[in-house]
Every structure is written in C-alpha cells, then in structure tokens.
Amino acid sequence: MCGITGILAYNEVGRFNLTNLEKATLALGHRGPDNHGTYFDHYVGLGHRRLSIIDTSPNGNQPFEILDGRYVIAFNGEIFNYQILKKELVSKGIQFKSDSDTEVLIHLFAQEGKKCLEKLNGFFAFAIYDSVDKSLFIARDRLGIKPLLYYIDEFKFLFGSEMSSILAYGIEQDINQEALNYYLQLNYTPAPLTMIKGVQKLEPGHYLEIKNGAVSKFQYYDIPKVQTTEGLTYASAKEKLHNLLEQSVGRRMIADVPLGCFLSGGIDSSVITALASTQTKSLSTFSIGFEGNKFFDETSYAELVASKFKTNHTTFKLTNEEITAHLETIVDHIDEPFADSSAIPVYLLSKKTREHVTVALSGDGADEIFSGYNKHAAWWKIENDKNFKALMAFAGPLARILPKSRSSFFGNGVRQIVKFTDAMKMSRKERYWFLASFANQKQVHRLMKDTQSDYSQRDQWMESMANYSRLNDLLWLDSKFVLPNDMLKKVDLMSMANSLEVRVPFLDHELVNFVFSLSEEMKITQSMRKRILQDTFRDVLPKELYNRPKKGFEMPLLNWLKTSLKSELDQHLFDKDKIEGQGLFKWDEVESLKKQLFSGNPEDSHARVWALYVFQKWHSKYL
C-alpha cells in the first residue's frame, strides 16, 4: 500500500512541471512513510511513497525498473496471487531480484501488456512507463478499492493517489459547480467528477493509455448483471459462498508485517474475523465505540465475537474531547470535500489500530453486494409488499408532523417512514437518487448561488435504473456508485492517513462475480437482508448478532455539532461575512440550516451542516 504520482509532459512547457514532482510526492508522505522514490526521464517523472508490506527490504522500493530501464512502475496496492503468477514467469526464464509483488506485476505487464489485468487478484492503482515508445499505462482495480486521479491539459498529463498531490503541480483550482451540486446532495462526489475543474477520477475497472499527447480510456471489467446460477440449490450456493470467502480471506492474510481485523460486532466483520481466526494462531481484533452513548455504541457485540473466536481484542472508547482534539487533523486529510461523518471513527480506529498492526481486514463491501441497507429493504417492499405500502401510506401523514432525527430510535423511525412514503411515489430512477441523498435538488438550488451548470452526468449514472425492478440492479448500481465513491474512499483516506493498509475480502472479484450471479431471493426476503450471508454463517457466529437491528458505522454527529463542535461551526460556517464574501452560498439558506440544526426537529440538517463545514475547511486550505 503506497502513494503514487507522476507527470508525462507533451512539450517543453509541460516539462517545466517536472520541478513539482518532489513536492507532489511529499504530499503523499502519510500513505508511505517507509521510503520515498522518484524517477525522471526527459518528459516523464514518477513519484512513489512506500508502506512496506510484502518484501520489506530495499529490494522492493519504487519506482521499480526492469529490462535495463525500459519499463518503470509506480504501484499502489497488493497483488494477492503474485506468488502463483511469479511461478509462471519463472517457468518462462524470467529472473527476479526481489520477493515483491511489484516486480511480478511489471514483468507480467512486459510479457502480456494490458491483458495482465485479467490475471490480477488484488487491489491496485499503478502507472507503468515504457521508455522505448514513450508511453504511459495507468490502471485501477476492478471495484475501485484504491484511488487514482488525473488531470489533462494541452501541455501535460498528471496523476496521483490523492487530490493534494495533483494540486502540488500548481494547476488552476476552479470549483466544478456540477460536482458541488452533487456533493451537497450526496455528501460525496461520484467519479469521474472531482471538486476541481479538469481533475478526474479514473473509474473502477478502467485503464488509460497515454501516448503522443493522446489519452485513451478503456474498461476491462464490469460487475456482471446476468444471473448465471439458475438451478443452483440454496444449500449449494451457501457452500460455494463459504468456500469463496474462505479463499478470499486466506489470500488477504499474506503479509510480512503484523495483521489484524476490524471488528464492529456486525455480521460482516464478524464473518471475516471467524474465517481469519482459523488461519492464524493469534489474531488481533479492534473495535471502537462512543463513551456514554449506547445508541451508537455496539462494542458489546464485538466483544462477544472476540470471545467466541479467542482473538486478542482491543476496544477503544471515544469521548467528545478526543473527537474535538483530532478533528483538525481528520478534516485536513480529506483531499476533496467528503462528508460521510463515519470517516471520523474510521480515522480514529485506524490510528489506534496502527499502534498494533500494519494491515487490517475489514467487512466493507458486504452491504452493497448482499443487500444490507435500509434502502434495499425499502426498495424490495415498494416493489413486492402491497400491505406494507398501505400501512406506510396510513402512517405517513402522522409521521410528517412528528420530530425526525437520525440520533434516536424513535426519531429515526419517524424519519424512515416519511422517506419511505415519499419514495413510493417516484419512478425507479428518481427513487434511487432520492434514497441515496441527504438533500434534494430544490434544497441545493436554494443554497447555491450558481445553479446554471449542466447536470446531465446524473442521468448517465441513473440510466440503468430506469427500466428495472430487480433488486440485483439496485445492488449493481450501489456497487459501482456508492461503494467506490463513498465507502471505499472513506476507508482509503482515513486508513492511509495513518499509514494503515485495509484489505476487504468481500470484494475479491471472484466472490463478487458469484454473488451477482445469484437470484435476489437468495439475498433478501420480506423479513431478512443479506439472507445467504447470514444463513451461511448462522451456526458459526454468536446467536445474539441475529437478534438486533441493523446499524451502520455511525456517530453521534448531531449532539457533537450542537455542543463540542459548535464553536468550530461558528468560526468556519455560520459567519455571514465569510459566506457572502466567498460567493458560493446564500447566507439566508445557511442561516436557515443553523436554525433547523438547533431546533427540536433537526431531520437530516446535521448531515447537510457537516457537509458545508467540511467544504469550508477544504476551501480555506486549497483555494
């Protein structure tokens, strides 16, 4: 796991930007504290920061060259099947000077070119320079676990693991108004957009070829949408799922440094812990909770799992004071506005876990591929349960006049009823966007001063939802949209801020392909989400995990914004002169959000306020 950056200049004007390569590489220092390396050719520069995981010796340092310098690689990630691939290459007469997966990857590319991508099992973003034909090849892993951003103008092509590295080259920094619009609705910016005009995210499963001033983008992988396991019995499907997941966990146990597991106490991380505990004599597990807040604290369930599988378990309890003390650092590591507030506990869990291990397994990805979210249940009920829809239609008018909040059991239930009744009335395409959003288009337009941007990108994203009613189509879009742009981005940013590598066994592409080949009946019923995953491990996990409501990795944001973070808001957001001078938002709408936040009926105002606060901090730092 590392940080990569680089430049391919088209002419002498673009070549001037090579002077910023060191600065761009240093901007990624937190991603790789173990080594700093750069490579220069006349028009090309590659930068690398290394977090040593496999072959921790200097032999694995990068940028890495082979064939007398013809090919040079800057690689971020891990190739979990590299030992199998290495044997194939050795049988062809290739000699190796390291035990790293990096050297295997670059030799495989030299042998097979872009076809090498089909053989890789892992997560990655890498760039390979061919010094003979002066070309650059850049690729991102199938599911988007590792990030890659790039920038193109008439003089140069730039790339980097984070926005901070791209900005270090001194490019113009103008706000992308379309991206800002989506961010204010979703709390994140979906690929290929970023908050800076001209900077793009490379989508999962894609690669770029840059040669003679031309940049070409291609897709080499897409999540399959067609069910191919018709006739497969439920028992056989459970057996295959167990085997595939066991193999995936086994692959991700390879490391030359200490390894552990995140353990939240939910089904997903508990399954990973159960499987990992059978493959090592002493497994370390880590969980995080909130001191004095039982509604958000689930560490008791994590401790049940740790006890059952006899792991070396550590529970971290967060206080308001600790959150406040680290807030500046957390927000500082957000390379473009990103307002999923669960990034805060992920950062602190990563920070504390890094004191014990260098690699951690997590349960991320299971909700998106198996149907773990409330919106999945809502979608299923809208399409299949007439009685439930009738009940919600009856309860809806009463729910609308009651207080709504994500921070209490009752208030959250009322909020969900209202959202469900609104979703019932929408087309499938509109419904998906609505269920994914914290604010609607009208609310955002009232807030923004510039509402004239073209928002056609949304229709492209949602096109696949226009003519389908199957839940698998919803999961497919979640796995391409929410998963890489929100969940995986959050984990990558916050873990790498602490130089911790996080591996996600549920997103092994062989497992993902199999799960998407299953019928939706195997994933969701009227009373159960993630059906096949839960049933496969029902006899393995503590029974208490099956008798509690689903909760995500959330935090008591509303309470913190109204108490310990109030002064931060007053300084950076609730300042009329600052907002009006910035020229992006309307003060009366910001003030209205403030009033709602401190009212008895906050609804989702705390999420919207947090998004604006994060944007303001980012804007102050970079623009």
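Up top is the structure.
Residues numbered from 1 in each chain as written. Predicted model: local features only at pLDDT ≥ 70, side-chain atom pairs only at ≥ 80, totals over all residues. Heavy atoms only, no water.

(A) Broad picture of the overall build of the protein. The helix and strand inventory of the protein stands at 27 helices and 17 strands. At 24 Å, the protein has a C-alpha radius of gyration in line with the 25 Å of a compact globule built from 623 residues. The C-alpha extent of the protein, read off along each of the three principal axes, is 75 × 60 × 50 Å. Within the span of the protein, comprising 623 residues, buried residues form 62% of the whole. Of all intrachain contacts in the protein linking residues separated by at least 6 positions in sequence, the fraction that spans at least 24 positions is 73%. Of the accessible surface of the protein, which amounts to about 23,900 Å², a share of 49% is contributed by carbon and sulfur atoms. For the protein, the distance from the average site of its 76 positive side-chain charges to the average site of its 77 negative ones is 4 Å. (Helix = DSSP H or I, 4+ residues; strand = E, 2+ residues; numbered from the N terminus. Rg over C-alpha atoms; globule rule 2.2 N^0.38 Å. Buried < 20%, exposed > 50% of the residue type's maximum accessible area, 1.4 Å probe, protein only. Contact = heavy atoms within 4.5 Å. Areas by Shrake-Rupley, 256 points an atom, 1.4 Å probe, with all protein chains shown as cover. Lys, Arg positive; Asp, Glu negative; His and termini not counted. Charge placed at Lys NZ, Arg CZ, Asp CG, Glu CD.)

(B) Quick peek at empty space enclosed by the protein. In this structure the tally under the stated criterion is 6 cavities of 30 Å³ or more. Considered as a void within the structure, the largest cavity measures approximately 170 Å³ in volume. Lining the largest cavity are 19 residues, with Arg140, Pro147, Lys201, Pro484 and Lys489 sitting closest to its centre. (1 Å grid on protein atoms, 1.4 Å probe; cavity = no way out; pocket = protein on both sides within 12 Å on 5 of 7 lines; lining within 4 Å. Points joined across faces, edges and corners; volume = space filled by probe spheres on them.)

(C) Spotlight on the pattern of salt bridges. As enumerated under the stated definition, the model contains 39 salt bridges in all. The residue Asp340 makes a salt bridge to Lys490 at a minimum N-O spacing of 3.6 Å. One end of the pair, Asp340, is in the loop between α10 (320–332) and α11 (343–353); the other, Lys490, is in helix α20 (residues 482–496), with 150 residues separating them in the sequence. With respect to class, Asp340 is no different from Lys490; both count as buried. Arg428 is the salt-bridge partner of Glu383, the closest N and O atoms lying 3.1 Å from each other. (Salt bridge = Lys/Arg side-chain N within 4 Å of Asp/Glu carboxyl O.)

(D) Focus on the sheet that holds strand β2 (residues 35–40). With respect to topology, 6 strands assemble into an open sheet ordered β2-β3-β1-β9-β8-β10, the strand pairing being antiparallel. Pairing within the sheet leaves two strands with one partner each, and these edge strands are β2 and β10 (199–201). Between one strand axis and the next, the sheet turns through 15° on average, direction left out of account. Where strand β1 (residues 2–9) meets strand β9 (residues 156–160), 5 bridges bridge the pair, whose relative direction is antiparallel. Looking at β9, one finds that Ile7 is bridged to Leu158. (Pairing = 2+ DSSP bridges. Axes fitted to C-alpha atoms, helices over the stretch in contact; angles between N-to-C directions.)

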